[in-house]
Amino acid sequence: MRRKMLLSYITILLAFCAVTFVFVLRTVYSMVQTNLIETSSQTMQRWSTELSNAMAFARSHMLNLASNQHLQELLITYGVDADSPEGAEQAGEALLGDEALTSLLGANSVTLGTLPFLMEITVRTPDGSYLPVYDTLGFGEESPAPYDPRSEWVQTLESLQGRILWDTYYDGNYEYIRVSKVIYDNRDFSTILGTISVEFNYEHLTQSILNNLRNESGMQAALYDGENGEFVGYYSVRDLPDAETIRQMGLTGSYTLLPDGSVCLFARRLSTTNYYLVGSKSLEEVHDIYLKSSRILFLSAGVALVVGMLLTFLVTGSVMRPVVQLSDTMKNVKNGDLDITVHTREKGEVGELYDSFNYMIQMINQLIEENYVTRLNQKQSELNALQSQINTHFLYNTLDSINWLAKDYHVEQISKLVTSLSTLLRTSLNNGQPELTVEQELTHMRSYLNIQKVRFGGLFQVHEEVDERLLQDTVIKMLLQPLVENAILHAFNISGAPAEGNLLLVRVYLQQQDLVMEVANNAPKDALARVQERLHQETGVPPKSYGIQSIRTRLDIAYAHEAALEYAMDGGFLVARIRIPRRYTAPDRIELPQLKE
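Calculation criteria
In this convention, every chain numbers its residues from 1, walking through the sequence in written order. Under the rules for a predicted model, residues below a pLDDT of 70 receive no local features and side-chain atom pairs below 80 are neither given nor counted, while totals for whole chains, interfaces and linings still include all residues. Side-chain metrics rest on all non-hydrogen atoms present in the structure, leaving aside hydrogens and water. By definition, any uninterrupted DSSP run of H or I lasting at least four residues is a helix, any uninterrupted run of E lasting at least two residues is a strand, and each is numbered from the N terminus. Summary of the burial criterion: residues with accessible area below 20% of their type's maximum are buried, those above 50% are exposed, and those between are partly exposed, where the area comes from a 1.4 Å probe applied to protein chains only. What makes two residues a contact is simply this: any of their non-hydrogen atoms within 4.5 Å. Here the accessible surface of atoms and residues is derived via Shrake-Rupley with a 1.4 Å probe, and residues count as covered only by protein chains that are part of the display. Salt bridge criterion: a side-chain nitrogen from Lys or Arg within 4 Å of a carboxyl oxygen from Asp or Glu. Strands pair, by our definition, only if DSSP identifies at least two bridges between them. Every angle, taken between N-to-C directions, lies between 0 and 180 degrees, and every axis is a line fitted to C-alpha atoms, over only the stretch in contact when it is a helix. Angles below 35 degrees are treated as roughly parallel, those above 145 as roughly antiparallel, those between 65 and 115 as roughly perpendicular, and all remaining angles as oblique. It is the rotation of the near helix from the far one that decides the hand of a crossing: anticlockwise by less than a right angle makes it left-handed, clockwise makes it right-handed. Residue type decides the class: Asp, Glu, Lys and Arg count as charged, Ala, Val, Leu, Ile, Met, Phe, Trp, Tyr, Cys and Pro as nonpolar, and the leftover types, Gly among them, as polar. To obtain the arc, one takes the directions from the helix axis to the C-beta atoms.

Quick notes on the overall build of the protein
Here is step 1: Check the secondary structure of the protein and you find 14 helices and 17 strands.
Here is step 2: Classification of the 597 residues of the protein by burial places 39% in the buried group.
Here is step 3: The long-range fraction of contacts in the protein, counting pairs at least 24 apart against all pairs at least 6 apart in sequence, stands at 63%.
Here is step 4: Carbon and sulfur atoms make up 54% of the accessible area of the protein, which totals about 34,400 Å².

Let's talk about the pattern of salt bridges
Here is step 1: Taken as a whole, this structure holds 16 salt bridges when the rule is applied.
Here is step 2: Note that Arg507 is salt-bridged to Glu465, the shortest N-O span being 3.3 Å. With Arg507 in strand E14 (residues 502–511) and Glu465 in strand E12 (residues 460–466), this residue pair connects regions lying 42 residues apart in the sequence.
Here is step 3: Owing to a relative accessible area of 38%, Glu465 belongs among the partly exposed residues under this scheme.
Here is step 4: Its salt-bridge partner being Arg469, residue Asp467 comes within 2.7 Å of it at the nearest N-O pair.
Here is step 5: Judged by its relative accessible area of 18%, Asp467 is buried.
Here is step 6: Salt bridges here are not isolated pairs; linked through shared partners, they connect Glu465, Arg507, Glu518 and Arg577.

Here we look at the sheet that holds strand E1 (residues 117–124)
Here is step 1: Spatial ordering of the open sheet is given by E2-E1-E5-E4-E3, a layout of 5 strands whose pairing is antiparallel. Only two strands of the sheet have a single neighbouring strand rather than two, namely strand E2 (130–135) and strand E3 (165–170). Averaged over neighbouring strand pairs, the angle between their axes works out to 30° when direction is ignored.
Here is step 2: Bridge count between E1 and strand E5 (residues 188–201): 7 bridges; the pairing is antiparallel. Note on E5: the bridge partner recorded for Ile121 is Ile196.
Here is step 3: Each of E1, E2, E3, strand E4 (175–185) and E5 touches helix H5 (residues 152–159); the most contacted strand, E4, lies at about 50° to it.

Concerning the sheet that holds E14
Sheet strands associate in pairs through backbone hydrogen bonding, adopting either a parallel or an antiparallel arrangement.
Here is step 1: Taken in spatial order, the 5 strands make up an open sheet running E12-E14-E15-E17-E16, and their pairing is mixed. The open sheet has two edge strands, E12 and strand E16 (564–570), and neither has a second partner. Each strand axis lies, on average, 15° off the axis of its neighbour in the sheet, ignoring direction.
Here is step 2: Two elements, strand E15 (residues 514–522) and strand E17 (residues 573–581), share 9 bridges in a ladder whose sense is antiparallel. Across the sheet, Asn521 pairs through a bridge with Leu574, a residue of E17.
Here is step 3: Lying over the sheet, helix H11 (residues 438–456) contacts E12, E14 and E15, oriented at roughly 170° with respect to E12.
Here is step 4: Taken strand by strand, helix H13 (residues 527–535) contacts E16 and E17, and its axis lies near 155° from that of E16.

Side note on the packing of H11 against helix H12 (residues 480–492)
Two numbers describe a pair of packed helices, the interaxial angle and the distance between the axes.
Here is step 1: Where H11 contacts H12, the axes come no closer than 9 Å and their chain directions differ by 25°. As the angle between them shows, H11 and H12 are arranged roughly parallel. Where H11 crosses over H12, the two elements pack in a sense that is right-handed. Note on element contacts: H12 touches H11 through Leu480, Gln481, Val484, Glu485 and Ile488, opposite Glu441, Leu442, His444, Met445, Tyr448, Leu449, Gln452 and Phe456.
Here is step 2: Its residues assigned to classes, the contact of H11 with H12 shows 8 nonpolar, 3 polar and 2 charged.

Focus: helix H7 (residues 243–252)
Here is step 1: What H7 keeps buried is the set Ile246, Met249 and Gly250. Viewed along the axis of H7, the buried residues span an arc of 100°, placing them on a single side of the element.
Here is step 2: Residues of H7 that are buried sit in contact with strand E6 (220–225), strand E8 (255–257), strand E9 (263–269) and strand E10 (275–282).
Here is step 3: After H7 finishes, the residue Gly253 shows a positive phi value of roughly 75°.

As far as function goes, none of this settles anything; it's purely spatial.
Below, the structure is given as structure tokens:
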């Protein structure tokens, strides 16, 4: 037994170590992955905020210049002559010569000093083209070419009617992100004076934002144009989800994992633009940390297992000795030695086990003695039952002798009365059986009525309507007689009731799937209320209708609350109606009532 217990302890210890090992590894993996994702998300959020602030500043700066009254006056003044190179040069010199305007034109982003932006201003010529009159980098030796009014950029910008346009373009050397707006005359919004654009060099943006994301957190990052679903510049991110998922991630600041769980994707929308800063973070380093943790945990679990096995071996020896001693004692009890008591110095559970064993032996001896006394009492009860049967038979024989004596003296009324009483007693006892057929129940009721007719004379008449198909149905006994007794005592034998001509109607019939037995008597209008008053007594008041309450209780118990005793008024008659599902009563019944003999 000790060996089995030791093996059980070792098995439990191994199972516990295995479960703990798996649980801890999964927890470590989940914690490392969560921490890595949260750190990457925070880094992504910080750099997207920096970039959003820079673009928001550029947009705000552009809007301020577009509504600047001094700039508009200069564009109006020189716009007429700007269709010639000389006119454009004069307009540009005027802009550069204006100190207040120059301070505004030369402003750079105060959010990112390493992310400057460029500015371009054009003036609309009389022929509808747009001639550049200002550029942050200057025009060089060659005069700038005007923008064709039929170009896609000009037509898109004019169609927006003063709203902001974000787009990208390539000048042959660099790629730019540009925000543009048409300048309308503040005094006449139907007049276009020119355009103003603020541009970010993609190379500068890459060095300031994207490369920092790569170096700081190892993320692959790029700018994504949500308008046309394309990447800006030469950086891109693989395995991006659909545009709607990117939009949701950008708005909520969430992330998504690729199906294989190897890469986590992020997206942050740059405020006031249609651009998203998207990035992907490889989770391979999570696997590396997971493998290192696995090795450490495996070594720790091995050491714990060896120590646990040694401790188990030592502990089981001290625990098993008193258990083995108790086991040997129980073998003696099994062989019939009940005069035995075990003793131990152990405390706690082992001591309680010894005490329980001694108590069990004591109770067994006590139960053996009590069982012997019970058997004697049972024999005495059987003798008393036989004596009771002898007394019952003696009563029947006595009544039978009285009947024959009455016949000898030609006293038919006494003979009939004694016969009814004998039949009433026989059906009531029914040899100890709790059920009667409907025919026997009617015989029992008729015997009772014969006795009451002798007592009350012509006080009432009885009329029966019985469906003979139901005579062999079986019901619990003593159902009709209490109802008949209740009608005679509470309807006919009371003050104010007619002295004769009272009618007692007994009906037995089948209604749908129920066996119905009714006892009806002529009664005043308030009879139903008086019956209900007797049936619904207040708490603590002794009931006045024991027979009816007994019927209800026995019906509920025998037929699982599916049978019922109901009272109702019908055409001047108070009707007591018993309903029993016929599946309990039919000769071929499929369910048996709950009976106690």
